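Summary of the model geometry
Residues per chain, in single letters:
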Amino acid sequence: MIECCKPHVPRGTEICINSVLYYTAVEKGSLMVTIVVCFDISSEKFSFMKVMETFDRDLPSSTTMINYNGKLGLLMTEESTDIVSGTSKSFELRVLEDAGKHDWSKHVYMLPPLWKNVVGEETKLRLLGMVGSCTNEIVFSYKYPSTFMPSYVFYYNIERNTIIRLEIQGMEELNGK
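Residues numbered from 1 in each chain as written. Predicted model: local features only at pLDDT ≥ 70, side-chain atom pairs only at ≥ 80, totals over all residues. Heavy atoms only, no water.

Another aspect to go through is the environment of Lys116. Along the chain, Lys116 falls in helix 2 (residues 115–119). For Lys116, a relative accessible area of 38% gives the class partly exposed. (Helix = DSSP H or I, 4+ residues; strand = E, 2+ residues; numbered from the N terminus. Buried < 20%, exposed > 50% of the residue type's maximum accessible area, 1.4 Å probe, protein only.)

Across the sheet, which stays open at both edges, the four strands sit in the order 5-6-8-9 with antiparallel pairing between neighbours. What marks the edges here is a single partner per strand, and that holds for strand 5 (64–68) and strand 9 (103–110). For this sheet the average axis-to-axis angle between neighbouring strands, irrespective of direction, equals 30°. Relative to strand 8 (residues 90–98), strand 6 (residues 71–77) runs antiparallel, the two sharing five bridges. (Pairing = 2+ DSSP bridges. Axes fitted to C-alpha atoms, helices over the stretch in contact; angles between N-to-C directions.)

A few words now on the pairing of strand 8. The buried fraction of strand 8 is high, at seven of nine residues. Looking at chain direction, strand 8 and strand 9 are connected through eight bridges and run antiparallel. Looking at strand 9, one finds that Val95 is bridged to Ser105. Hairpin geometry of strand 8 and strand 9 is characterised by an intervening segment of four residues between the two adjacent antiparallel strands and by a positive phi of about 55° at His102.

Here is the structure:
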């Protein structure tokens, strides 16, 4: 049994990278102070990073943790919600460069002009994560899937600033057709 020195409540986002389990949590007894908890599996030690001391804003509960080239990455929408729409202009990626120093880099990705045409102006998407750890493609899917319309996933390449819409076929049976 491993005891943690800081009482906290996990918020539901987690990822394991290089034998370190990362997850977001709220400190017990605080006024909703968001922390990133790091548990090193090999040493069985905890460490903590307060988000507001590091970032200029709190983490939305919808923050998506990703493996960004072997480092912890946090994907966040521009509106601090969990929705990316056809009218969205950008999203943010924070990358943990040095866990000991709590050093994060900030990257804001401007979505391409064709974003609205490919996604649809009224479409509501959610950030799912990244394809592998070195592809530089962020994956989006419908926030509210419908049985009356085709299923798509969207791949946004952060290096080339391109978007691909991929239709998922073979789902007709699930739609009652």
